[in-house]
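Residue-level listing of the chains:
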Amino acid sequence: MSKIAAILKELENESIEILRETASGFKKPVMMYSIGKDSSVLLHLARKAFYPSPIPFPLLHIDTTWKFKEMISFRDRIAAETKSQLIVHTNQEGKASGINPFNTNASEYTRVMKTVALRQALDMHGFDAAIGGSRRDEEKSRAKERIFSVRDPGHRWNPREQRPELWRTYNTRLAPEQTMRVFPISDWTEADIWHYILQEGIEVNPLYFAKERPMVARGDQMIMVDDDRFQLRDDEKPTMKMVRFRTLGCYPLTAGVESTATTMEEIVEEVLQVKLSERATRLIDGENEDSMEKKKTEGYF
Amino acid sequence: MSGAIVRLLTCGSVDDGKSTLIGRLLVETDSIPHDTIGAARKVRRSGSTIPAGEIDFSLLTDGLEAEREQGITIDVAYRSMTLLDGKRLIISDAPGHEQYTRNMVVAASRADIGLVLIDAMKGVRTQTLRHLTICSLMGVSRIIIAINKLDAMDYKQEVFDAISADIQRAVARLDVADIHIVPLSALAGDNVVYPSTNMPWYKGQTLQDAIQSWQKPKDVSASGLMRIQMIARADNFRGVSGTVRRGTFTQGEEVTIFPSNQKATISSIVTFEKEINKADTDDAVTLVLTPEVDATRGDVIAVSKDDLVAADRFAAHVVWLNEEPLIHSRSYLMISGPSTTPAIITKIRHKIDVNTGEHISTDTLKMNEIGDVEVASDIPLVMRPYGDDREFGNFILVDRLTLKTVGAGMIRHSLRRSSNVTHQDYEVDKVQRSAQKNQKARVVWLTGLSGSGKSTIANALEKRLFAQGAHAYVLDGDNLRLGLNMDLGFTPEDRAENVRRVSEVAKLMVDSGLIVISALVSPFEVDRQRAKSIFEDGEFLEIFIDTPVEICRSRDPKGLYKKSAAGEIPNFTGVGQDYERPTHPDLVIDGTAPIEESVEKILKILL
């Protein structure tokens, strides 16, 4: 076995163990499905963990209504093909109030349409554990996140009150009104995710592959004009560019990168060469140094 | 397991240049995104002397906001990087100060290698001894000692030699076989990833080489062992899922299931891709057993049962992780793999001074303290000594109320096989005894402040029951303290033991078919819950006699409030010690209401 295959095997084994622990330890778990590559890997791992039984929990997608069109069609198709139960939730009050990624500042938009929406969905269905695809290599405050991470009432993360987590002996007990976030792929890196997708032949969203897409430049970033809600400035005109996306989010907030990678092999090669942290292409994160930690304490994933 | 992933614990403080060393390792192995490095050229800590534009390596590893302000890491942070030979290194970074011993223990629990930093300007210090003790206790298989800041000592060999000699003396008392000592400079980049030209006298490995050359120790007894994590069910399918903790499982092999001792054959090993005929160590698999045995989560499947013992009494090392100290005799949840059972610490033999290894006698463990203890679990568990088997030798203790993880345990050995104490099955049982008396055996557990009216209500209740032809008996806290519990005082530990003994006596009496009325202050919720947990559902009625403390004080039937006010009783409930009101009592009685009314209320739920 090659080194990377051996590493992936160890990571996979551990993730499966965590998923099984979640299914056994909680009354009503749910798996976050954000349509991105990490979610695709998580879904694949869940199928493996419980095979030949079906996945014993539903998938939850928080839909801001501003996702790329190709994300939504992909989501519905994959859920059907894997026979998964899919729950889609949108913060309807937020939507009705007219909040949108063009006119609302990015952190308020994220808080209302993602963080609050997530809390609503978890409360509405009474989920006691939410499985997420966060990785410790994504961002500094995530490097301290537990695998089984307790949330206080109101879904708030209190980084000072984290439970010590030793060995592979997990404490899945919850006090009243606490909930759990579970991160089965904490130890994976971005490169691992791509290597694994390649090795396992996991289908990922077409947005990850380079294609001619209508783009406009905003500062250093390139944003795709995915539909006619895009608020073009007077001097802006979309031009077709060969572009792919490293992460998937709301289209007005997710920058594309110029690329010629059209196959999985080419993407893996590109990922290994480009040394830029992936969330750098997310416009909402970079506002200040500690923004992820702040969002997490409010209940963001 | 292939050992393709290596886990490394870093021990040392910011002053020793730990963050700088990890930062350097990350950058020199190209494991850090370039924009993050860019930020480390711009951002500066207050008081930093590193010129703008140069990388502040230490900024690459610190995490949370408040910690950054303080300039120290106070939690465990994890970092992944790829070594130049292709292996994955996962670094767990914990602070090195004594008040953060627990964080280091957490980080060490999975570490293969412990990296102990020594500042060459300071030499071996107390913290070095502490870090070595923790690495040894937690079963880290290799220790690398990095003598850092040699650039500040003109890269002198004498400095290195003197510190090395001190280390050899320090490790002599510890159980660590594999030690590497590397002279380096994290700041200047000597012997971290690249060999130094400044120390031609050193011919040994660089830090990276010392990490890369580590090999996973081979388990001497390699026969297959796993715990059942869950049962997999599908149409016409039933399998047991779990992770192979040791050895291998092969199709066709006979296995034993513990604790039931049933035998079965592995008819197939199922994975998502295909059926396989052999499952390796660390593989997460699903086994199909023939015949279909009755097995559940927490059961153990083993190829050879030679070295396996199910026990309910253990000697163990426990590291206390919680602000609230360990309470002797209090019931905690003991989690070991997928198994959970109530357990109590029956004895603290001594605590271990983490700096010197000295044994100190104690009756409690405070946060960060390490004790040599005896544990009693409610159900027997298959465990092995931690020194032989980290996976089957560890457990955690969880507080039953807050559900926080409060202790980490390493099994030393079992104190007795639970099979030595076989439970006597009497031919006449509790149900028959109760039926003969025409009643349902129960415990009426009255809790409340001293003077709340427990004893009065208990006696009135017994009279009423007696008049109705029922067989009841009162266990009064004060009376029991004259005999059975005469060795106990009123500290939280003693109160826990008091409640435990009374509940065990009540249990025997319930088993004999009686209605037991206990009148005990029992001020702590966990103790009452523990008492309840030993009874069957519905057998234990927790009744809270709710009387305002002012009224109790004015009644003062035993003159205790007066004595307490005079300072004669330090741990008096409601004065020097808190009374924790029951969170989910079966009944609340207003202690100021007429006695007969209260008795009626209790009879209503009792009969």
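Please read these numbers as outputs of a predicted model, since none were measured by experiment.

### Quick notes on the overall build of chain B
So, point 1. Secondary structure assignment for chain B yields 15 helices and 28 strands.
So, point 2. Taken over the C-alpha atoms alone, chain B extends approximately 95 × 70 × 45 Å along its principal axes.
So, point 3. Residue burial in chain B is summarised as follows: out of 607 residues, 57% are buried.
So, point 4. Long-range contacts, defined here as pairs at least 24 residues apart, represent 71% of the contacts in chain B between residues at least 6 apart.

### What about the interface of chain A and chain B?
So, point 1. Between chain A and chain B, the contact holds 56 residues from the first and 80 residues from the second.
So, point 2. Buried area between chain A and chain B, both sides added, is near 6,000 Å², and the carbon and sulfur share of it is 52%.
So, point 3. Linking chain A to chain B there are nine salt bridges.
So, point 4. Of the charged contacts in the structure, one is a salt bridge between R297 of chain B and E21 of chain A, with a shortest N-O distance of 2.7 Å.
So, point 5. Applying the counting criterion to the chain A and chain B interface returns 26 residue pairs in polar contact (both at pLDDT 80 or more).
So, point 6. Of all elements in the fold, only α1 (3–25), α2 (37–50), α6 (190–200) and α8 (291–298) of chain A reach the threshold of two or more residues within the side of chain A that touches chain B.
So, point 7. The greatest single-element share of the side of chain A that touches chain B, amounting to 14 residues, is contributed by α1 of chain A.

### Brief notes about the sheet that holds strand β24 (residues 442–447) of chain B
Residues and elements named next belong to chain B.
So, point 1. The parallel open sheet is built from five strands, whose spatial order is β25-β26-β24-β27-β28. A single partner strand is all that each edge strand has here, and the edge strands are β25 (472–476) and β28 (587–590). This sheet shows a mean twist of 20 degrees between the axes of neighbouring strands, independent of strand direction.
So, point 2. Here five bridges tie β24 to strand β27 (residues 540–546), and the two strands are oriented parallel to one another.

### With respect to helix α5 (residues 126–137) of chain B
Side chains three or four residues apart in an α-helix point the same way, a direct result of the helix having 3.6 residues per turn.
Residues and elements named next belong to chain B.
So, point 1. For α5, which comprises 12 residues, the first-to-last C-alpha distance of 17 Å matches the rise-based estimate of 16 Å (1.5 Å per residue) to within 8%.
So, point 2. Among the 12 residues in α5, nine count as buried, and that is most of the element.
So, point 3. Regarding α5, the residues found buried are Q127, T128, R130, H131, L132, T133, I134, C135 and L137.

So, how was this worked out
Residues numbered from 1 in each chain as written. Chains lettered and ligands numbered in written order. Predicted model: local features only at pLDDT ≥ 70, side-chain atom pairs only at ≥ 80, totals over all residues. Heavy atoms only, no water. Helix = DSSP H or I, 4+ residues; strand = E, 2+ residues; numbered from the N terminus. Buried < 20%, exposed > 50% of the residue type's maximum accessible area, 1.4 Å probe, protein only. Contact = heavy atoms within 4.5 Å. Buried area = accessible area lost by both parts, 1.4 Å probe. Salt bridge = Lys/Arg side-chain N within 4 Å of Asp/Glu carboxyl O. Polar contact = N/O pair within 3.5 Å; in protein donor to acceptor, adjacent residues only side chain to side chain. Pairing = 2+ DSSP bridges. Axes fitted to C-alpha atoms, helices over the stretch in contact; angles between N-to-C directions. Expected span 1.5 Å × (residues − 1).

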